[in-house]
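Structural overview for review
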Amino acid sequence: DQFDNLDKHTQWGIDFLEKYAKFVKERIEIEQNYAKQLRNLVKKYCPKRSPKDEEPRFTSCIAFFNILNELNDYAGQREVVAEEMGHRVYGELMRYSHDLKTERKMHLQEGRKAQQYLDMCWKQMDNSKKKFERECREAEKAQQSYERLDNDTNATKADVEKAKQQLNLRTHMADENKNEYAAQLQNFNGEQHKHYYIVIPQIYKQLQEMDERRTIKLSECYKGFADSERKVIPIISKCLEGMILAAKSVDEHRDSQLVIDCFKSGFEPPGDFPFEDYSQNIYRTISDGTISTPKQEGMRIDTKTTVGKAKGKLWLFGKKPKPQSPPLTPTSLYTSSTPNGSQYPIFSIEPVHYCMSDIKTGKPRIPSFRSLKRGYFCLQGPALEDFSHLPPEQRRKKLQQRIDELNRELQKETDQKDALIKMKDVYEKNPQMGDPSSLQPKLTETMSNMDRLRMEIHKNEAWLSEVEGKVAARSDRRHSSDINHLVTQGRESPEGSYTDDANQEVRGPPQQHAHPNEFDDEFEDDDPLPAIGHCKAIYPFDGHNEGTLAMKEGEVLYVIEEDKGDGWTRARRHNGEEGYVPTSYIDVTLEKNSKGA
């Protein structure tokens, strides 16, 4: 008797099912948006495709990029969760909701039909009852009429007979209606019993089973909702473990070593600044009115070391412009005597003014311009094939990388040649498979490529051995120079090389016939380096760049400084002009004893 309430309950169950399906749909959208945002974040911070040389090598950078990859995989798992929920939960709920609505509609229609049929039976029974009641009343009236006429003495016999016939008719009709009412009543009672004990319970049972299946489906969807998340937990755990491993892979010492390897040039560090004694010409002890020349015999300047001092001097952007100051002459100073007969030197106004102005305007020079010159040469043109424009250490690394790449290419060509030879043998044994002569051009090309690669490898290995030999020689020389500097207090040359030859350092005043700018040169402690060998130009060199020295083919020059691994050798002409020339353009011959040459 609660058909309407069951109708409402089943409708609420379907509404709740659709409400949960809407919840799952919104959760899917959240997962999809979350995965999309994670992928966009990874894409934003992932490095763009860069050349091989610019790939990150630091462990911290590599770890971060590994974390980004793991996060990208994590975003993929969130997409898997959304897809699994959409397919297993949301899609299943929507299909089941449609089927549930159809089944509920059918059961409710059957219930309504049963109720309508019972109502129809009740109406038929009620109509027969009312008709039987009406006929009974008519029969009672006919009986009363008959009895009244039968007792009435004035009534005629015909009236009595007529009343009797009417009574019999009404009694007969009442009996018929009674029988019909009894049949309808029996039929209604049977249908009512069938309705409440068979039909409606069956319909309610079907509705109950439907509602229970709905509840079971919700339970399965709840479980599937959780399983969708639980299935990806192992993979997500691996992603998180990958992030932890990436964090543990960070090695600060390795990163520091990479920085050292990346920026290590292999150049020698600059030496100490030399002491520039500006007072040696002021407090010179001389006799009254004359210049003490006998002391100059023991302190004579080596003419070889003073040749081309002024005009052959090298600076970063050419020769240093110097003001032409008047030379010191014997008449430029005189002596004065004190009352006790002692003498002290007195300079004239011009030399003192010259010395003081030079002291005021002179700027301290950097002992070594080698690194600046090399950096300047690197800016002059494109990179050279032998990487001679790079510092020694970087040049060695580049050459080693190129040799490794060439070896890999050579291995590929070798494998290709072996494959072609095997294929040719197969064709020769089985001509129907192919023409052996068709492989000859490719085989010839492969052999040519192998020869070319071997030549390239040989050439680069020669350059590499040259660089490694020079680096080792420079290391030995630097070690020896450091020992000489500490033990013998050797003098540092302006370009960062050392010498322990005491005869090469001027310890007295310049001679009278010295160059007018010689005093200024000595004042800056820029004596020319001694020759350590000679070289012959194999190719001509124009020397357009600042600090370089032009030379002709076959020209012989003095070598005053070896190649430090940058591809440049410092040389001097016979006229004293100095500059750098390419090492690959000359044939160098060094003296056996280059220190005192």
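What counts as what
- Residue numbers restart at each chain and count upward from 1, following the sequence in its written direction.
- With the structure being a predicted model, the display of local features is reserved for residues of pLDDT at least 70 and the display and counting of side-chain atom pairs for 80 or more, all residues being used for whole-chain, interface and lining totals.
- Processing note: side-chain calculations cover all non-hydrogen atoms of the structure and skip hydrogens and water entirely.
- UniProt positions are given in the numbering used here, feature names are shortened, and annotations may be inferred rather than shown by experiment.
- Numbered from the N terminus, helices here are DSSP runs of H or I no shorter than four residues, and strands are runs of E no shorter than two.
- Categorising residues by exposure relies on relative accessible area from a 1.4 Å probe, with only protein chains included: less than 20% of the type maximum marks a residue as buried, more than 50% marks it as exposed, and the intermediate range marks it as partly exposed.
- Note on definitions: a residue-residue contact is assigned when non-hydrogen atoms from the two residues lie within 4.5 Å.
- Residues grouped as a nonpolar core are buried Ala, Val, Leu, Ile, Met, Phe, Trp, Tyr and Cys residues, joined through side-chain atoms within 4.5 Å.
- In this analysis, rings of Phe, Tyr and Trp, with Trp reduced to its six-membered ring, are considered paired at centre separations within 6.5 Å, and the interplanar angle assigns stacked below 30 degrees, edge-to-face beyond 60, and tilted for intermediate values.
- Per-residue confidence from the predictor is reported as pLDDT, a score between 0 and 100.
- Any helix carries an expected span of 1.5 Å times its number of residues minus one.
- Think of it as the arc spanned by the lines of direction from the helix axis to the C-beta atoms.
- Each pair of strands is called paired provided DSSP finds at least two bridges between the two strands.
- Helix axes are fitted to C-alpha atoms over the stretch in contact, other axes to C-alpha atoms as well, and angles between N-to-C directions run from 0 to 180 degrees.
- What makes a patch is a set of residues exposed beyond 30% relative accessible area and free of salt bridges, joined within 9 Å when like-charged and within 5 Å when nonpolar (Val, Leu, Ile, Met, Phe, Trp, Tyr).
- Areas reported as accessible are Shrake-Rupley estimates using a 1.4 Å probe. Residue values count occlusion only from the protein chains shown.
- We define a salt bridge as a side-chain nitrogen of Lys or Arg found within 4 Å of a carboxyl oxygen belonging to Asp or Glu.
- Under this definition, polar contacts are N or O atom pairs within 3.5 Å; protein pairs additionally need one hydrogen-donor-capable and one acceptor-capable atom, and for neighbouring residues in sequence, both atoms have to be side-chain atoms.

Going by what an unreviewed UniProt entry lists, the protein is known as Formin-binding protein 1-like and is assigned to Bombycilla garrulus. Comment text from UniProt for the protein, heading Sequence similarities (unreviewed entry), reads "Belongs to the FNBP1 family."

1. Concerning the overall build of the protein
A count of helical and extended segments in the protein gives eleven helices and nine strands. Going through the 597 residues of the protein one by one, you find that 36% of them count as buried. Expressed as a percentage of contacts within the protein between residues at least 6 apart in sequence, the contacts between residues at least 24 apart total 75%.

2. Here's the deal with the nonpolar core
Y20, V24, V89 and L93 are the most contacted members of the largest nonpolar core, which has 34 residues in total. At the level of elements, α1 (3–45), α2 (59–151), α3 (157–231) and α4 (233–248) are the ones that each hand at least two residues to this core. Take this core: its biggest share by element is 14 residues, from α2. Setting aside anything within four residues of it in sequence, one finds V89 in contact with Y20, V24, E84, C221, G224 and F225.

3. Digging into the packing of aromatic side chains
Evaluation of the coordinates by the stated rule reveals eleven aromatic pairs. Between F3 and Y204, the aromatic rings sit 6.3 Å apart at their centres with planes inclined by 20°, giving stacked as the arrangement. Pair noted here: F3 is in helix α1 and Y204 is in helix α3, with a separation of 201 residues, a long-range link. Just as F3 is buried, Y204 falls in that class too.

4. A closer look at the confidence of the model for the protein
In the predicted model, the protein carries a mean pLDDT of 76, and 71% of its residues have values of at least 70. Overall, residues 286–381 carries pLDDT values under 50, and its contacts beyond four positions in sequence, including any with other chains, amount to 148 contacts. Every residue in residues 484–526 scores below 50 in pLDDT, and together they form 108 contacts with partners more than four places removed in sequence or on other chains.

5. Topic: α4
For α4, which comprises 16 residues, the first-to-last C-alpha distance of 22 Å matches the rise-based estimate of 22 Å (1.5 Å per residue) to within 8%. When α4 is considered as a whole, its buried residues turn out to be I236, C239, G242, M243 and A246. Angularly, the buried residues of α4 cover 110° about the axis, an arc narrow enough to put them on a single face. Exposed and oriented more than 90 degrees from the buried face of α4 are K238, L245 and K248. Elements that come into contact with the buried residues of α4 comprise α2.

6. Examining the sheet that holds strand β5 (residues 533–537)
Pairing in this open sheet of five strands is antiparallel, and the strands run β8-β7-β6-β5-β9 from one edge to the other. Edge strands, defined here as strands with exactly one partner in the open sheet, are β8 (578–582) and β9 (586–590). Strand-to-strand twist across the sheet, computed as the mean angle between neighbouring axes with direction ignored, equals 40°.

7. A word on a nonpolar patch on the surface
On the surface, W12, F16 and Y222 cluster together into a nonpolar patch covering about 310 Å² of accessible area. Of note, F16 is situated in helix α1.

8. As for the pairing of strand β6 (residues 556–561)
When β5 meets β6, the two strands line up antiparallel, connected through four bridges. From the neighbouring strand, G533 faces β6, where its bridge partner is V559. Note: β6 against strand β7 (residues 568–572), three bridges, orientation antiparallel. Paired with E561 across the two strands is R570, which belongs to β7. Where β6 hands over to β7, the hairpin turn is made up of six residues, of which G565 adopts a positive phi near 100°.

9. Quick word on the pairing of β8
Burial of β8 is extensive: five of the five residues sit out of reach of the surface. Residues E578, Y580 and P582 point to one face of β8 and G579 and V581 to the other, with burial holding for every one of them. The sheet contact formed by β7 and β8 spans five bridges and is antiparallel. Residue pairing in the sheet places W568 in a bridge with P582 of β8. Joining the antiparallel neighbours β7 and β8 is a turn of five residues, in which G576 adopts a positive phi near 95°.

10. A short note on the side chain of R570
As for its placement among the helices and strands, R570 is situated in strand β7. Polar side-chain contacts of R570 include one of 2.9 Å to the side chain of E578.

11. Looking at the environment of Y20
Considering the arrangement of structural elements, one finds Y20 in helix α1. Classification of Y20 as buried rests on a relative accessible area of 9%. Measuring from C-alpha to C-alpha, the distance between Y20 and C221 comes to 9.4 Å, with 201 residues separating the pair along the chain. Each residue touching Y20, except ones within four places of it in the same chain, is listed here: V89, L93, L218, C221, Y222 and F225.

12. Notes on the pattern of salt bridges
Within this structure, the stated rule accounts for 26 salt bridges. As a salt-bridge pair, R112 and D7 come within 3.4 Å of each other at their nearest N and O atoms. Separated by 105 residues along the polypeptide, R112 in helix α2 and D7 in helix α1 bring together distant segments of the chain. For D7, a relative accessible area of 17% gives the class buried.

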